[in-house]
Amino acid sequence: MTFEQITENEKLWAVRYDDCLDNVLDSILDQWNDVVWLRDFFKANLEDLASYFKITDVNQAIYDTIEDSERLQCLIMDISPDANLDELFRPLENNRSSEMLLGKEKARLHNAPRHASWLRIYAIKLEHGIYVITGGTIKLTRTMQEREHTLVELARMEKVRRFMLDNDITDKDSFDDYLNDMN
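Residues numbered from 1 in each chain as written. Predicted model: local features only at pLDDT ≥ 70, side-chain atom pairs only at ≥ 80, totals over all residues. Heavy atoms only, no water.

### Digging into the overall build of the protein
Logical step 1: Check the secondary structure of the protein and you find six helices and six strands.
Logical step 2: When the helices and strands of the protein are read in sequence order from the N terminus, they spell out β-β-α-α-α-α-β-β-β-β-α-α.
Logical step 3: In terms of C-alpha radius of gyration, the protein reaches 16 Å, essentially the compact-globule figure of 16 Å for 183 residues.
Logical step 4: Projected onto the principal axes, the alpha-carbon positions of the protein cover approximately 50 × 35 × 30 Å.
Logical step 5: Within the span of the protein, comprising 183 residues, buried residues form 47% of the whole.
Logical step 6: Intrachain contacts of the protein at a sequence separation of at least 6 include 54% that bridge at least 24 residues. (Helix = DSSP H or I, 4+ residues; strand = E, 2+ residues; numbered from the N terminus. Rg over C-alpha atoms; globule rule 2.2 N^0.38 Å. Buried < 20%, exposed > 50% of the residue type's maximum accessible area, 1.4 Å probe, protein only. Contact = heavy atoms within 4.5 Å.)

### Section: the environment of Tyr17
Logical step 1: Mapped onto the elements of the fold, Tyr17 is located in the loop between strand S2 (12–16) and helix H1 (24–31).
Logical step 2: Between the C-alpha atom of Tyr17 and that of Ser174, which follows or precedes it by 157 residues, the distance is 20 Å.
Logical step 3: When neighbours within four sequence positions are excluded, Tyr17 is seen to be in contact with Met1, Val24, Thr134, Arg156 and Val160.

### Remarks on the layout of surface pockets
Logical step 1: Its boundaries defined by the atoms lining it, the largest pocket holds a volume of some 470 Å³.
Logical step 2: As for the largest pocket, its lining consists of 23 residues, and the residues nearest its centre are Leu92, Asn94, Lys106, Lys139 and Arg142.
Logical step 3: If you list the elements that add at least two residues to the lining of the largest pocket, you get helix H3 (46–53), strand S3 (89–91), strand S4 (103–107) and strand S5 (119–127).
Logical step 4: Residues of the lining of the largest pocket, tallied by class, amount to ten nonpolar, six polar and seven charged.
Logical step 5: Of the pockets and cavities examined, the second largest pocket occupies roughly 200 Å³.
Logical step 6: Together, 16 residues line the second largest pocket, and Ile28, Gln31, Gly136, Glu153 and Arg156 are the ones closest to its centre. (1 Å grid on protein atoms, 1.4 Å probe; cavity = no way out; pocket = protein on both sides within 12 Å on 5 of 7 lines; lining within 4 Å. Points joined across faces, edges and corners; volume = space filled by probe spheres on them. Nonpolar A, V, L, I, M, F, W, Y, C, P; charged D, E, K, R; others polar.)

### Section: the packing of aromatic side chains
Logical step 1: Following the criterion strictly, the structure yields eleven aromatic pairs and no others.
Logical step 2: Taking the centre distance of 4.5 Å and the plane angle of 15° together, the rings of Phe89 and Tyr131 count as stacked. Of this pair, Phe89 sits in strand S3 while Tyr131 is found in strand S6 (residues 130–138), placing the two residues 42 residues apart along the sequence.
Logical step 3: In this structure Phe89 comes out as buried when scored by relative accessible area, which is 2%.
Logical step 4: The exposure class of Tyr131 is buried, given its relative accessible area of 0%. (Phe/Tyr/Trp six-rings, centres within 6.5 Å; stacked < 30°, edge-to-face > 60°.)

Put into structure tokens, the structure is as follows:
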């Protein structure tokens, strides 16, 4: 696994897994704009879409996903140097009230026009304002434990967190040291 810088100010990074051509941010954004992939996904998960979001039109779900993906991409990619990523990323566990070492975080759109956004980007928080994206998914259920594709994202976050701990990466300084050692 390697890490790719997303923003010039080095506050946002993304994992590139060993078996992938792109980093995870590029991969999920491509996926969320791929009409064929989205149609297959929503057809396979139509029951969740209907029960949790009350949407039964796959075409509407595809349209909403592409629109939300563009808005989320703008939020992430158009971050000014003084932007606070802590306002975008929140603790993965809704009831977590204190900071934790290499905390698992999620980003999603708020104030979506038609319904709550089902798009999620997952990251590890290195320290205040600095994140490493581990993946993302379309979350159509109340908890991530309910579906295989969201469980995969939980496992990926834990894999990256464990990798960081195993390589003594616990903050931005140790992350920089690791990156320098790899070059």
